[in-house]
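Architecture at a glance
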Amino acid sequence: MVAFITFLLKFALFFFIFFLALILWITYTFYKQIKRTRRQFNPYDQQEGTETKGNTVTDNRPIEKRNKQVIPDSEGEYVDFTEVDDPEPKQQ
């Protein structure tokens, strides 16, 4: 009787370890698939297909600093504009 209980406990432990490993493996493959899909659709990680010649500059700043407006709207070039009417249309 003790041998049977020992066998049952060993079998249950093996069964538990097997299913735990199976669940961990399924979780890991699911995580890899999610990561691969996210990388595929993330425009900031896509570096393939870009060929450059000469000097290049890579902007490694965070997105918040990249999208920050450099020149405020209150500054800029002002041009004084006056509308001038043509005195007479040209005749051909």
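Below, the structure is looked at part by part. Since we're looking at a predicted model, the values are computed, not measured. (Residues numbered from 1 in each chain as written. Predicted model: local features only at pLDDT ≥ 70, side-chain atom pairs only at ≥ 80, totals over all residues. Heavy atoms only, no water.)

Taken together, the side chains of Lys-32, Lys-35, Arg-36, Arg-38 and Arg-39 define a basic patch exposed on the protein surface. As for its placement among the helices and strands, Lys-32 is situated in helix H1 (residues 2–41). (Patch = residues over 30% accessible without salt bridge, like charges linked within 9 Å, V, L, I, M, F, W, Y side chains within 5 Å. Areas by Shrake-Rupley, 256 points an atom, 1.4 Å probe, with all protein chains shown as cover. Salt bridge = Lys/Arg side-chain N within 4 Å of Asp/Glu carboxyl O. Lys, Arg positive; Asp, Glu negative; His and termini not counted. Charge placed at Lys NZ, Arg CZ, Asp CG, Glu CD. Helix = DSSP H or I, 4+ residues; strand = E, 2+ residues; numbered from the N terminus.)

With that out of the way, let us pick up the packing of aromatic side chains. Aromatic ring pairs are reported here in terms of the distance separating the ring centres and the angle at which the planes meet. Throughout the structure, instances matching the rule amount to five aromatic pairs. Aromatic side chains Phe-14 and Phe-18 sit 6.5 Å apart centroid to centroid with 25° between the ring planes, which places their arrangement in the stacked category. Taken together, the positions of Phe-14 and Phe-18, both in helix H1 and four residues apart, correspond to about one turn of that helix. Exposure remark for Phe-14: the relative accessible area of 56% places this residue in the exposed category. The interplanar angle of 75° and the centroid separation of 5.4 Å between the aromatic rings of Phe-18 and Phe-19 together place this pair among those described as edge-to-face. (Phe/Tyr/Trp six-rings, centres within 6.5 Å; stacked < 30°, edge-to-face > 60°. Buried < 20%, exposed > 50% of the residue type's maximum accessible area, 1.4 Å probe, protein only.)

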